[in-house]
Amino acid sequence: MKALLEVKQVSKEFVIGNILSREKILAVDQVSFEIKASEIFTLAGESGCGKTTMARMILGFEEPTAGEIMYSKEGPKGEKKVWFTQGFQAIFQNPFETFNPLRKVDSYLFETVFNYKLAADRDEAIGLIDSKLRSVGLSYDEVSGKYPSEFSGGQLQRISIARALLTDPALLIADEPVSMVDASIRMSIVNLFKSLKEDLGMSILYITHDLATAYYLGGQIAIMFRGNIMEMGNVEKVLMEPKHPYTKLLRESIPEADPSRRWKDKITITELEHEEYLRKGCKFAGRCPEVMEKCKAQAPETVIVDDVYVKCHLYCSA
Ligand code: SF4
C-alpha cells in the first residue's frame, strides 16, 4: 500500500550554547519511516529523544536540516499548503494551553469551520460541530457558550480532537495527548483513537513515552533515543520480543499492575542529555548493559532482523 507520509533520511540540527561555546546537536539524525493509510504509527521514547522535533517537522513548524518529508497527496495545483493543513491535524499534550482561558471554547470550533469554508452559514456550522463533538462523546449543547475553566482536562482534550476532526484529516498527529489527563479517562481517549482508525480509516501518528498505550493501540512503532530510531517494526513484535538493549530496558518497565513501575522512574539518567547527543559511537553506549568497545567509537548501522529494524552492533555482521 502506498505510504500516506514518507520520512526519508531526515535530520534536524540545533545550535546550543552562547557565543563563546557553541555546539551543534542533531536532535533528529537521519530518521526514515513511513505511515500508510489507516495505520497507527507510534514514535516512542523518553523526553528529549527527538520525537516532538520530528512531529514539528512533519507539521511544517520546523524545516529539516537534511532529508525529505513527502505526502502522498497534494491539493489542487499550487495549493499544497491547503491540502497539507487540512490533511494533517495535530493535538498536543496540554489541553489547557490549546485554549485561551478568556475565550469561549466553541469559538475555536466555529473559527476552524469558517477558516476552512466547511459550512455556508451558522446553522450548518453547528450541525458539523455537533457531529464531530458527538464522535468524541460530547455535544454542541454541552460545549456552547462555555469557557475552558468549565471543562475537565479530559473534556478539553476531547474538544481538541473534535476540532481536529472538523477537516476530516487523513492523518492525526497526537503529541503526548494523554499524559496530562486523569488516568481514569486516559483509556477512553486511547479507545477513541482506535475507533478513528477502525471506523473512519484515519491514520494516527501517536507520540508518547507510554509504551502500555502504544501496545494497546497496535500498528507500527519506532523507538527513539537521542535523535535515532533504535528499533522499528510491528508494535507487538517490538515490545514482546525486543531486540535492541534500549527497547529491552523500556519493555521491562511497561507499567503493569503497579503504576509506580513507570519506566521513566526506572531508567536513571547517568549522563547529561547533551553529552549523549554528542557521543560519537552508539548514543546508548553510556547506559547499555551490553556495551562493547566498538560501540563507543562507531555508530551502528540499521539492519533488518526478523522484519524489525534494529540499530545495534549486536546485530551487525561486520
Ligand atoms: Fe548497546 Fe552497543 Fe548495541 Fe549500542 S550498539 S545498544 S552500546 S550493544
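Look above for the structure.
Being a predicted model, the structure only gives us computed values, none of them experimental.

Reading the values: rules and limits
Residues numbered from 1 in each chain as written. Predicted model: local features only at pLDDT ≥ 70, side-chain atom pairs only at ≥ 80, totals over all residues. Heavy atoms only, no water. Near = heavy atom within 4 Å. Nonpolar A, V, L, I, M, F, W, Y, C, P; charged D, E, K, R; others polar. Helix = DSSP H or I, 4+ residues; strand = E, 2+ residues; numbered from the N terminus. Buried < 20%, exposed > 50% of the residue type's maximum accessible area, 1.4 Å probe, protein only. Contact = heavy atoms within 4.5 Å. Expected span 1.5 Å × (residues − 1). Arc of directions from axis to C-beta. Pairing = 2+ DSSP bridges. Axes fitted to C-alpha atoms, helices over the stretch in contact; angles between N-to-C directions.

Asker: Describe the site of the ligand, naming the residues involved and giving the relevant values.
Answerer: The immediate surroundings of the ligand are formed by 13 residues, with Cys282, Cys288, Cys295, Cys312 and His313 found nearest. Partitioned by chemical class, the residues of the shell around the ligand number 10 nonpolar, 2 polar and 1 charged.

Asker: So what's going on with the environment of Leu217? Residues and values would help.
Answerer: Locating Leu217 in the fold gives a position in helix α9 (residues 211-217). Leu217 gets classed as buried once you look at its relative accessible area, which sits at 7%. Between the C-alpha atom of Leu217 and that of Asn191, which follows or precedes it by 26 residues, the distance is 7.9 Å. Discounting chain neighbours no more than four positions away, the residues touching Leu217 are Ile40, Val190, Phe193, Lys194 and Tyr206.

Asker: Describe in detail helix α4 (residues 105-115), supporting the description with residues and values.
Answerer: Within α4, burial applies to Val105, Asp106, Tyr108, Leu109, Phe110, Thr112 and Val113. Residues of α4 that are buried in the fold lie against α3 (95-98), α5 (122-135), α6 (140-143) and α7 (153-165). Downstream of α4 by a residue or two, Lys117 has a phi angle that is positive, lying close to 55 degrees.

Asker: Describe in detail α5, supporting the description with residues and values.
Answerer: In this model α5 runs 20 Å from its N-terminal to its C-terminal C-alpha over 14 residues, within 8% of the 20 Å that 1.5 Å per residue would give. For α5, the complete set of buried residues consists of Ala125, Ile129, Asp130, Lys132 and Leu133. Here the buried residues of α5 occupy an arc of 170 degrees about the axis, which is enough to place them on one side. Every exposed residue of α5 that faces more than 90 degrees away from the buried side is listed here: Asp123 and Arg134. If you follow the buried residues of α5, they end up packed against α4, α6 and α7. Where α5 terminates, the next one or two residues include Gly137, which has phi positive at roughly 85 degrees.

Asker: A description of the sheet that holds strand β9 (residues 228-234) should follow, citing residues and the corresponding values.
Answerer: In spatial order, the strands read β5-β6-β7-β3-β8-β9-β11-β10; together these 8 strands make up an open sheet with mixed pairing. Each edge of the open sheet carries a strand with a single partner, namely β5 (88-91) and β10 (302-305). Across the sheet, the mean angle separating the axes of adjacent strands is 20 degrees when strand polarity is ignored. Alignment of strand β3 (residues 40-44) against strand β8 (residues 220-225), held across 4 bridges, turns out to be parallel. Residue pairing for β8: Phe41 is matched across the bridge by Gln220. Contacts from helix α1 (residues 51-58) reach β3, β5, β6 (171-175), β7 (203-208) and β8 within the one sheet, and its direction differs from that of β7 by about 150 degrees. Along the sheet, helix α8 (residues 183-200) makes contact with β3, β5, β6 and β7, crossing β7 at roughly 155 degrees.

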